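# Close look at the chain arrangement
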Amino acid sequence: REKSRETADPAADSSPKLAASEHQDEAALKKNLCVKAAKEHNIPKDLNKVLENKVMETVLGLSYVKLSVVERTCSGDADSEGIVSKSISSHTDLIPGVYEGGLKIWECTFDLMDYFSEAEIEFTNKTVLDLGCGAGLLGIVALRGEAARVHFQDYNSTVIDEITLPNVVANCTSKGRRMGSGKDRKASKPPSKRPRKAEGSPDVLNRCRFFSGEWSQVSQLLLSSNEPCSKYDIILTSETIYNPDYYSALHETLAQLLDRNGRVYLASKVHYFGVGGGIYLFEKFIEEKNVFRTSLVKTIDQGLQRCIIEITFKNSC
Ligand code: SAM
């Protein structure tokens, strides 16, 4: 059955118990981050392998890998990155500098998806980066909206291999749709009302690249790679400004990778309790750097207050 966004995202429940666990999540994220080296992930030739042992659920018409099954796949107690399986499922016992939250679909992802539909954000022929992608639903929406290229980045390579890549295969290739046509995959209304012509075309994966690692390392890799990419027309980023310690790396990454006339859509809670970051602090940081201008495009008042800001270069056209 299609899950409601509330079930896909425990944080959307405003009950005190879940709100407390959400704060624990955030507090756990406020720790020193190791500078994890960047890596590009190859897309396996055999897509059956990507979806092997994966159980898919759906939310808002998009498929995503069910976490409890990833937990089993990360055999033993820890995978190569030291992500302890118990931590993956509970989300409350995160390991600082090891796991940065990408194994859960955070609620601002859904805010941005709603906003894309409402504001009719156009992805056709655009070069898009889903920064701090986790499940990668934002990049998947861009791919289905006929973006020319979509790149996905997460801090953790396990997240890319076990969650992001399978989700892209499941949602954007005909193989994924065939393989996932079980009862969890009931057709439902897509988040965007626009037609999704790109769906299922065999070259969809040729339009994607996947990266893991810390932001400054990933931008270096992108800028120095043999296959240099043009700068991004659109950078999508949801729930990535919880920790003020990362603002400098994030700002630098946006400044290096965004096209002069590009735009960033950033969705965030107004404040991250226990971690200290939030929209006002990040906007102040941006103002002091004097590189970008920001504009608030939407506020969401249900539960914890959230918002979406658009960021463009001060000297853009
Ligand atoms: N965007 C996803 C969502 O809304 O569901 C995941 C949000 S999760 C709270 C934060 C994401 O930002 C993680 O995917 C993590 O990998 C990435 N991230 C946070 N800090 C990072 C850093 N310093 N370098 C690289 N990635 C980082």
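This text gives an overview of the structure that appears in the document.

Scoring rules and cut-offs
Residues numbered from 1 in each chain as written. Predicted model: local features only at pLDDT ≥ 70, side-chain atom pairs only at ≥ 80, totals over all residues. Heavy atoms only, no water. Core = buried A, V, L, I, M, F, W, Y, C linked by side-chain atoms within 4.5 Å. Buried < 20%, exposed > 50% of the residue type's maximum accessible area, 1.4 Å probe, protein only. Helix = DSSP H or I, 4+ residues; strand = E, 2+ residues; numbered from the N terminus. Near = heavy atom within 4 Å. Polar contact = N/O pair within 3.5 Å; in protein donor to acceptor, adjacent residues only side chain to side chain. Areas by Shrake-Rupley, 256 points an atom, 1.4 Å probe, with all protein chains shown as cover. 1 Å grid on protein atoms, 1.4 Å probe; cavity = no way out; pocket = protein on both sides within 12 Å on 5 of 7 lines; lining within 4 Å. Sits in = over half its atoms within 2 Å of the grid points. Nonpolar A, V, L, I, M, F, W, Y, C, P; charged D, E, K, R; others polar. Points joined across faces, edges and corners; volume = space filled by probe spheres on them. Pairing = 2+ DSSP bridges. Axes fitted to C-alpha atoms, helices over the stretch in contact; angles between N-to-C directions. Contact = heavy atoms within 4.5 Å. Phe/Tyr/Trp six-rings, centres within 6.5 Å; stacked < 30°, edge-to-face > 60°. Lys NZ or Arg CZ within 6 Å of the ring centre and 35° of its normal.

### Quick word on the nonpolar core
Residues F116, F123, L137 and V168 are the most contacted members of the largest nonpolar core, which totals 49 residues. It is helix α8 (residues 157–172) that provides the largest number of residues to this core, a total of eight residues. Counting residues in hydrophobic clusters, the runner-up holds 30 residues, among them L129, Y246, Y247 and I309.

### Some words on the site of the ligand
Taken together, 22 residues lie around the ligand, and W106, T109, G132, D154 and S238 are the ones closest in. One of the backbone nitrogen or oxygen atoms of K104 is found 3.3 Å away from an oxygen atom of the ligand. A distance of 3.1 Å is found between a nitrogen atom of the ligand and a backbone nitrogen or oxygen belonging to W215. Protein chains shield 99% of the accessible area of the ligand, which is 580 Å² for the free molecule. More than half of the atoms belonging to the ligand lie within 2 Å of the grid points that define the largest cavity. For the shell around the ligand, the per-class residue count stands at eight nonpolar, nine polar and five charged.

### With respect to the environment of V275
When you line up the elements, V275 lands in the loop between β9 (258–269) and α12 (279–289). Since its relative accessible area comes to 3%, V275 is described here as buried. A sequence separation of 34 residues divides V275 from I241, and the C-alpha atoms of the two residues are 9.8 Å apart.

### As for empty space enclosed by the protein
Overall, the coordinates contain two cavities of 30 Å³ or more when judged by the stated rule. Considering only enclosed or pocket space, the largest cavity measures out at about 360 Å³ in volume. Considering the residues around the largest cavity, the lining is formed by 29 residues, among which E100, G132, D154, E239 and T240 are closest to the centre. For the lining of the largest cavity, the secondary-structure elements that each account for two or more residues are α7 (137–144) and β6 (149–154).

### Digging into the sheet that holds strand β11 (residues 306–313)
Spatial ordering of the open sheet is given by β2-β7-β6-β5-β8-β9-β11-β10, a layout of eight strands whose pairing is mixed. Strands at the two margins of the open sheet, each flanked by one partner only, are β2 (39–41) and β10 (292–300). Between one strand axis and the next, the sheet turns by 20 degrees as a mean value, whatever way the strands run. Where strand β8 (residues 232–238) meets β9, six bridges bridge the pair, whose relative direction is parallel. Across the sheet, residue T237 finds its bridge partner in β9, namely L266. Each of β9, β10 and β11 touches α12; the most contacted strand, β11, lies at about 10 degrees to it.

### Structural notes on the side chain of S316
Counting through the fold element by element, S316 comes out in the segment after β11. Owing to a relative accessible area of 16%, S316 belongs among the buried residues under this scheme. Only 2.9 Å separates the side chain of S316 from the backbone oxygen of F313, close enough to count as a polar contact. When residues no more than four places from it in sequence are discounted, the contact partners of S316 are R260, N261 and R293.

### Describing α7
With eight of its eight residues buried, α7 lies for the most part within the structure. Listed as buried for α7 are L137, L138, G139, I140, V141, A142, L143 and R144.

### As for the side chain of E239
Here E239 is to be found in the loop between β8 and α11 (247–257). Taking relative accessible area as the criterion, E239 reaches 5% and is therefore assigned buried. Here the side chain of E239 touches E107 through a polar contact of 3.4 Å, landing on its backbone nitrogen. Setting aside anything within four residues of it in sequence, one finds E239 in contact with W106, E107, C108, A267, K269 and Y272.

### Focus on the packing of aromatic side chains
All told, the structure shown has ten aromatic pairs when counted by the stated rule. Ring centres of F116 and F123 lie 5.1 Å apart, and the angle between their planes is 85 degrees; on these two criteria the pair is classed as edge-to-face. Note on Y242 and Y272: the rings are 6.2 Å apart at their centroids and 65 degrees apart in plane angle, and the pair reads as edge-to-face. You can see Y242 sitting in the loop between β8 and α11 and its partner Y272 sitting in the loop between β9 and α12, a full 30 residues away along the chain. A relative accessible area of 7% places Y242 in the buried class. Accessibility expressed as a relative area gives 0% for Y272, which makes it buried. Within the aromatic cluster, the residues linked to one another by ring pairs are Y115, F116, F123 and Y265. Taking NZ or CZ as reference, K104 lies 4.1 Å from the ring centre of W106, over its face.

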